[in-house]
Structure formats: structure tokens, C-alpha cells
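Chain residues, written in single-letter form:
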Amino acid sequence: MAALPQPPSILTFEEARHVVEGHAAQLRPRIKERVELLASIGRILAEPIAADRDFPPFRRAMRDGYALRAADLTNLPVTLEVIGEIKAGAAPETLPRQVAAGQAAAIMTGAPAADGADAVVMVEYTSLSGQRVTVTRAVASGDNIVAAGSEARKGQVLLHHGTRMDYGAIASAASAGLQSVSVFRLPEVAILSTGDEIVEIGERPGPHQIRNSNSYSLAAQVQDAGGVPKMLGIARDEAAPLRRLIEQGLNHDLLLLTGGVSMGRYDLVEQVLAELGAEFFFTGAQIQPGRPVVFGRVQERYFFGLPGNPISTMVTFELFARPLLEALAGMAARELSFVHARLKSEIKTKAGLRRFLPGLLSGEFEQAEVELAGWHGSGDVAAMARSNCYIVIPPDRERIAAGEWVAILMR
Ligand code: AMP
Ligand code: MG
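Keep in mind the model is a prediction, meaning the values are calculated, not measured.

**Student:** What's the story with the overall build of the protein in this structure? I'm lost.
**Tutor:** A tally of helices and strands in the protein yields seven helices and 30 strands. The C-alpha radius of gyration of the protein comes to 30 Å, more than 25% above the 22 Å expected for a compact globule of 411 residues. When its C-alpha atoms are laid out on the principal axes, the protein stretches across 95 × 50 × 40 Å. Here the protein, with 411 residues, has 46% of them falling under the buried criterion. Long-range contacts, defined here as pairs at least 24 residues apart, represent 72% of the contacts in the protein between residues at least 6 apart. In the structure as shown, the protein presents an accessible area of about 20,400 Å², 51% of it carried by carbon and sulfur atoms. Between the mean site of the 41 positive side-chain charges and the mean site of the 46 negative ones, the protein shows a separation of 1 Å.

What follows is the structure in C-alpha cells.
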């Protein structure tokens, strides 16, 4: 029997997360492909996208109203001569000539402000009578006009390389006239469940058997993080077949294993990986759920051994596997960010571990509060289904009172 990684290294949550981030920072995907703009949703940009002209390209009216000189509105009400109308899309040669002192031009949102006018007064503060408009409210110079190039100058980078395309990014790319964009190839992530008691979801489980939910939750998380799941099925708790499947998994960009990393007699995952020459960066983290989580590498291929309990698998993917997968996908690193909410009812626990417990955030506006989803341990997928976040309990806390602010990690 090959030696297990010695000594086992159990890190704090922060240490373990930093180890993963350190490795993630070294990864540079190289293979790119061009995809249609809409197909780029969720993909990672492989090239920066720059403004192809000034944004906005002309001085743009932000309101329907009258373009005029702000200095004309010192004594209100004031009546000005209306010299014409400017619609959105009006070509420059059709614009009214210069707006002079004592004059105004009717203008619509999105239209170019006439030369000479330095502000737009909203139509709500005016009344029109024939060719004359009476204005009842003052504006400052620049009000309701967006200066040309004020949002972005021609050539300025709108989206950096490494950006994940979301609807906001799609808007920027569309504004710059891009019908297709260059993105990184999607990394392939092998998913291997282990355990003699685990059966495929299409099979009828015996009374002693458990359906394989982990391969599916992981596949969903992989897709969400920008990877393509490759399902390797279920490995029995036997070294030889486990080894064959692990070797197969190591042909992909990343290998995720679930189960078989605890201290049981048939927890063979670390042993088999050690036989394959794995380096182990950590073999546990002081967290709950997910304490036996393993991170390492065989030659240049990374793997995670995630504990088999379904909630542990899900949590450890989010905390550790996601940042590495995002880096393999080419995404710029981002910090783990927490939001805060008031605790609805007291939590009692033991000190020593940082806990990520399924929580339920509810209540609108200032009434938002969070409570435990009432779980029965790290196998409780039903509690997970009732929850929408994780409540994060620091390792030095044993009791958190109702009404205290707690950190939560959104799902
Ligand atoms: P292990 O980490 O192998 O000790 O497994 C811990 C617990 O998670 C056991 O109760 C397993 O039955 C359960 N488990 C392991 N793998 C899976 C899986 N793929 N789907 C659902 N439950 C699992
Ligand atoms: Mg097992």
C-alpha cells in the first residue's frame, strides 16, 4: 500500500483558499475561438473590447424638452423664441442653426444638442404657445446633456480580457459594433463519483444504496462556472478500477472526485492518487461542511478530492474548485465576496471550524434577515433545496444571537 501524503496538511479556510488562488493565478489558457455575440453569454473574453468611436458620439440630450442657454434662465419665468425641433436620429445638416441668446430648440431624448445650447430644460417645466416657450425652472450649464466622449473615448477599453460576458458586457460589445467576439475554449472537467453504495439515477436503488446526486450537482456547478462536465460515472471502492478512472480523468483539464477522501478503510482516493505520483497541496481544511477536502496535482493536471456528503461536495466546489476552474476558463481572478444580513434566530455551534451552513435569506428592503435552513447534517439535500445562501460562521464563535449581523455567501 502506497504511503498517504505525509504529513497530512489541514489548513484554515483562508490558507486553503489562498493556496488555490496562488495556483489559479499561474494559469493562462491559450486556445481561443470566435463566437457570435449572443453565444458569448457566460464565456470569457480572450481579447479586450475597445470603443470604436466616442461614447456618446455627439452631445446627447438626456430628456425631452428644450435645448437652450442656461444663462437665459436667471429671472423666471422667461419666454424664449423656439427656432426648430431636433428629433433623435436627426442628421447634423437638418439641425437648427446655432441657438442664440433668447432662443431655444425643442429636443427629444437621444437627439444631438444644437450648437450654442449648453443645457436642456425638461418639457415638464415649460409651456409652449405658438413659436414661443415659457420656462419656469432654472438649469445649470451642462444639465441633461451628456458630453461627447464622456462615457468612453474612442480606443478606450470597455471590456478587459478575462471578463465574463454578461448582459451588461453584451451591451458594450454591441455598442462597439461587434457581431462576434473572441473567447477562450471551455475547459473540460472530469467528474468521478466513488462509493460501493452509489448507483446511477436511472437504476432502482436497493434499500442499502444511494443515488448518485453528486455527479449531477457538480456538473451543474461546472457549467455555471464556465466548464464542460465530462461524466466518468461511479468508481467502486477498489484500487484498480478507481485508478483506471482517475487516469482517464487526468486527461481532462481538471478532475473532480467525490467521496472516498475521509478516514474510512475504503477511502482510497488519496492512496490511488499518491500511487500516481500526486503532489498534495492540502488534504483538509478547517471548515464545515467539507473538512476532508483535498487539492493536488498529478504532473500539470489539477484535481480536487471533494468529500462525498452532498452538501460538502457542493460547498467545497464553490469555495475551492470554482476559482481554479474560472482561471482555467481564462477569467480574471475575483475575490470571494460576502454580503451581510441580520440573523433571524440564534445559532449555537462549536468553535474551531469556519462553517458554511445552508441558510434562507428572506424579507424585502430593510427587513432582510437570514436563518438556518434547518439541516440534518452534510447529507441533507432537502435542506439545500430550501436554502438560498450559506451563513458563514467564523471559527471563534460558539453562539450568535438573533439580530446580529452575519456574513452570507449567496448562491
Ligand atoms: P464518503 O465521502 O465516500 O465517505 O461519503 C460520504 C457520504 O456521502 C456517504 O453517506 C455517501 O453515501 C454519500 N455520497 C458519496 N458519494 C455520493 C454521491 N455521488 N451522491 C450522493 N451521495 C454520495
Ligand atoms: Mg465512500
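**Student:** So what exactly am I meant to see when it comes to helix α1 (residues 13-24) here?
**Tutor:** Residues lying three or four places apart along an α-helix face the same way, a consequence of the helix completing one turn every 3.6 residues. Under the 1.5 Å per step criterion, the end-to-end length of α1 is 16 Å for 12 residues, consistent within 8% with the ideal 16 Å. Here α1 has its buried residues at Phe 13, Ala 16, Arg 17, Val 20, His 23 and Ala 24. The buried residues of α1 all sit within an arc of 125° when viewed along its axis, so they share a single face.

**Student:** How do you make sense of the site of ligand 1 when you look at a structure like this?
**Tutor:** As a matter of local geometry, ligand 1 sits amid 16 residues, with Glu 197, Asn 212, Ser 213, Gly 260 and Gly 308 nearest to it. In this structure, a nitrogen atom belonging to ligand 1 sits 3.3 Å away from a main-chain N or O atom of Asn 214. A total of 490 Å² of accessible area belongs to ligand 1 in isolation, and the protein chains cover 80% of it. Elements that contribute at least two residues to the shell around ligand 1 include exactly β14 (188-194) and β16 (210-211). Of the residues contributing to the shell around ligand 1, the split by class is three nonpolar, 11 polar and two charged.

**Student:** What is the right way to read the sheet that holds strand β18 (residues 254-258) from this model?
**Tutor:** Think of a sheet as strands paired side by side through backbone hydrogen bonds, with each pair either parallel or antiparallel. What the six strands build is an open sheet, ordered β17-β14-β18-β23-β22-β19; its pairing is mixed. Only two strands of the sheet have a single neighbouring strand rather than two, namely β17 (228-235) and β19 (279-282). Each strand of the sheet is rotated relative to its neighbour by a mean of 20°, with strand direction disregarded. The pairing of strand β22 (residues 294-298) with strand β23 (residues 301-306) spans five bridges and is classified as antiparallel. Within the sheet, the bridge partner assigned to Arg 297 lies in β23 and is Tyr 302. Seen against the sheet, helix α4 (residues 239-249) touches β14, β17 and β18 and runs at an angle of roughly 175° to β17. Against the sheet, helix α6 (residues 310-328) contacts β14, β18, β19, β22 and β23, and its axis sits at roughly 170° relative to β23.

**Student:** Whenever I open this one, the sheet that holds strand β9 (residues 126-129) confuses me. Can you help?
**Tutor:** Here we have six strands laid out as an open sheet, ordered β8-β5-β7-β6-β10-β9, and mixed in their pairing. Each edge of the sheet is formed by a strand with only one pairing partner; in this case those strands are β8 (119-122) and β9. Averaged over all pairs of adjacent strands, the angle between their axes in this sheet comes to 40°, without regard to strand direction. Pairing geometry for strand β5 (residues 65-68) and strand β7 (residues 103-107), over four bridges, is antiparallel. Note that in β7 the partner of Leu 68 across the bridge is Ala 104.

**Student:** What exactly am I supposed to notice about unusual backbone geometry here?
**Tutor:** Along the chain, Phe 55 connects to Pro 56 via a cis peptide bond; the corresponding omega equals -15°. Positionally, Pro 56 belongs in the loop between β3 (49-50) and β4 (60-61). Omega for the bond connecting Leu 76 with Pro 77 falls within 30 degrees of zero, at -10°, which places this linkage in the cis form.

**Student:** Which parts of the structure should I look at to understand α4?
**Tutor:** Of the positions making up α4, those classed as buried are Leu 242, Leu 245, Ile 246 and Gly 249. Axial view of α4: buried residues confined to an arc of 105°, hence all on one face.

**Student:** Can you help me understand the packing of α1 against α6 in this one?
**Tutor:** When two helices pack together, their arrangement is given by the angle between the helix axes and the distance between those axes. Close contact between α1 and α6 brings their axes to 9 Å; oriented N to C, the two are set at 10°. Considered as vectors, α1 and α6 are oriented roughly parallel to each other. Contacts between α1 and α6 pair Phe 13, Ala 16, Arg 17, Val 20, His 23 and Ala 24 from the former with Glu 318, Leu 319, Phe 320, Pro 323, Leu 324 and Ala 327 from the latter. Residues that form the contact of α1 with α6 fall into these classes: nine nonpolar, one polar and two charged.

**Student:** Sorry if this is basic, but what is going on with empty space enclosed by the protein here?
**Tutor:** Left-over empty space is what a probe sized like a water molecule reveals as it rolls over the atoms. Taken as a whole and assessed by the stated rule, the structure comprises one cavity of 30 Å³ or more. For the largest cavity, the calculated volume is near 30 Å³. Taken together, Gly 42, Arg 43, Ile 44, Arg 164, Phe 184, Arg 185, Leu 186, Pro 187, Gly 226 and Ala 329 form the lining of the largest cavity. Split by residue class, the lining of the largest cavity holds five nonpolar, two polar and three charged.

**Student:** Hey, could you run me through the pattern of salt bridges in this one?
**Tutor:** Pairing of side chains with opposite charge becomes possible as their charged atoms draw close. Applying the stated criterion across every chain yields a total of 18 salt bridges. Glu 47 is paired through a salt bridge with Arg 34; the nearest N and O atoms lie 3.7 Å apart. With Glu 47 in the loop between β2 (32-36) and β3 and Arg 34 in strand β2, this residue pair connects regions lying 13 residues apart in the sequence. Look at Glu 47 and you get partly exposed, because its relative accessible area is 22%. For Arg 34, a relative accessible area of 47% gives the class partly exposed. Residues Arg 399 and Glu 346 are paired through a salt bridge, measuring 2.4 Å at the closest nitrogen-oxygen approach. On the criterion of sequence distance, the pair formed by Arg 399 in strand β29 (residues 399-400) and Glu 346 in the loop between β24 (339-343) and β25 (347-348) is long-range, its members being 53 residues apart. Linked by salt bridges that have partners in common, Asp 224, Glu 318, Arg 322, Glu 326 and Arg 334 make up one network.

Parameters at a glance
Residues numbered from 1 in each chain as written. Chains lettered and ligands numbered in written order. Predicted model: local features only at pLDDT ≥ 70, side-chain atom pairs only at ≥ 80, totals over all residues. Heavy atoms only, no water. Helix = DSSP H or I, 4+ residues; strand = E, 2+ residues; numbered from the N terminus. Rg over C-alpha atoms; globule rule 2.2 N^0.38 Å. Buried < 20%, exposed > 50% of the residue type's maximum accessible area, 1.4 Å probe, protein only. Contact = heavy atoms within 4.5 Å. Areas by Shrake-Rupley, 256 points an atom, 1.4 Å probe, with all protein chains shown as cover. Lys, Arg positive; Asp, Glu negative; His and termini not counted. Charge placed at Lys NZ, Arg CZ, Asp CG, Glu CD. Expected span 1.5 Å × (residues − 1). Arc of directions from axis to C-beta. Near = heavy atom within 4 Å. Polar contact = N/O pair within 3.5 Å; in protein donor to acceptor, adjacent residues only side chain to side chain. Nonpolar A, V, L, I, M, F, W, Y, C, P; charged D, E, K, R; others polar. Pairing = 2+ DSSP bridges. Axes fitted to C-alpha atoms, helices over the stretch in contact; angles between N-to-C directions. Parallel < 35°, antiparallel > 145°, perpendicular 65-115°, else oblique. 1 Å grid on protein atoms, 1.4 Å probe; cavity = no way out; pocket = protein on both sides within 12 Å on 5 of 7 lines; lining within 4 Å. Points joined across faces, edges and corners; volume = space filled by probe spheres on them. Salt bridge = Lys/Arg side-chain N within 4 Å of Asp/Glu carboxyl O.

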